[in-house]
Each structure stands twice: as structure tokens, then as C-alpha cells.
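These are the residues of each chain, in order.
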Amino acid sequence: MSESAVTAPTTFRERLFVPWWGWLLPLAAAVLLAAEIHMGFPGVRSWLPYVVTVPLALLLVWRMGSLRVEVSGGELRVGQAHVPVDLLGEVEVFDAKTKRKAMGPYLDPMAFVAHRGWIGPMVKITLEDPADPTPYWLFSVRSPEKLVAALRGDTRPEG
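What counts and what doesn't
- Residues numbered from 1 in each chain as written.
- Predicted model: local features only at pLDDT ≥ 70, side-chain atom pairs only at ≥ 80, totals over all residues.
- Heavy atoms only, no water.
- Phe/Tyr/Trp six-rings, centres within 6.5 Å; stacked < 30°, edge-to-face > 60°.
- Helix = DSSP H or I, 4+ residues; strand = E, 2+ residues; numbered from the N terminus.
- Buried < 20%, exposed > 50% of the residue type's maximum accessible area, 1.4 Å probe, protein only.
- Lys NZ or Arg CZ within 6 Å of the ring centre and 35° of its normal.
- Pairing = 2+ DSSP bridges.
- Axes fitted to C-alpha atoms, helices over the stretch in contact; angles between N-to-C directions.
- Contact = heavy atoms within 4.5 Å.

Looking at the packing of aromatic side chains
The final tally for this structure, using the stated rule, is one aromatic pair. For the ring pair F112 and W137, a centre distance of 4.6 Å and an interplane angle of 45° mean the geometry is tilted. A residue pair is termed long-range when its members are at least 10 positions apart, and F112 in strand 6 (residues 112-114) and W137 in strand 8 (residues 136-140) qualify at 25 residues. By relative accessible area, W137 is classed as buried at 6%. If you follow K124 out to its NZ or CZ, it ends over the ring of Y136, 4.4 Å from the centre.

Here it is in C-alpha cells:
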């Protein structure tokens, strides 16, 4: 890896978390499960299911529901996946209404998909790597215009 890739600044970073209303059902399920266990074990052990299930549910929602989208060091990173910006081709932005077409019958089964239903916009980026069988990446992002500007190398401040 070159020194410029290591010291290159982050030009775009976004973390997609689950909204507050997405936490309610898993939290309620954890409390209900703990209450069911609690009914069978009176005494000191009655609080133990709450200490285990509630934090576990919160941890699972946080870990499984968050997604990091970042352009830094000459790479695009979506979650754990990353690809050099040099290998990216055409960028297509879908809004909340048109992403259904991209996710529906036109979705290539070989595509990399990182969809978060609570995020409206979605970006489709074709890959120009002949050695990679993945035709494109399709992922949710809150600020697709900023992402496209970062991929093009336009780092001018907004204003």
C-alpha cells in the first residue's frame, strides 16, 4: 500500500443506524422473554434474565442494524466490504420511490447489496474489475450527492 493511500483523508463518512422506532420491538421482546423466565424463578435469580436479555437485544440491534459507508484512502467501504475507487464505474442514484425497481426484478443475484429499509436513497455503482464476478454494488446511503462528489474527488466545502 502506498503512503498516500494511508495518509489520504476521509472524504465521505456516514453511519446508518436503526431509528428509535426500530429498537422498540426487539427491546419489548427481550423484556417479555425475561418476564417469562422471571415468573418461573422467584428470589435473587429473578433479575438475571433482564440483565442478560435486554443488553443482548440492544447489542444485536446496534451491531446488525448499523452500516458504515466511507470513502477514504482511495477506497469505497460499505460495511466490511471495500473496493478501490479506481475500479468503480457508473454511479446511479435511486430515491425512496425508485429503489423498488433496482431491488426488484432487475436485481442481479451476483450484486453486492447492503440495503437498510429505513433509509430512503440508494446508490448503484458498477464495478470495472474484470476479475470480480460482482457486477455492481447496491447500497443505502442518506446523502447520495455527497457520496458521488467524494467518489469524483470533489472535496470542495459546501456552502
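Notes on the sheet that holds strand 7 (residues 122-127)
Reading across from one edge, 5-7-8-6 is the order of the four strands in this open sheet, with mixed pairing throughout. Since the sheet does not close on itself, it has two edges, and those belong to strand 5 (88-94) and strand 6, each with one partner. Shown here is a sheet whose adjacent strand axes are inclined to one another by a mean of 15°, direction ignored. Note that strand 6 and strand 8 share three bridges and pair parallel. Residue pairing in the sheet places A114 in a bridge with F139 of strand 8. Along the sheet, helix 5 (residues 144-152) makes contact with strand 5, strand 7 and strand 8, crossing strand 5 at roughly 165°.

Read these as layout, nothing more, since geometry by itself doesn't imply function.
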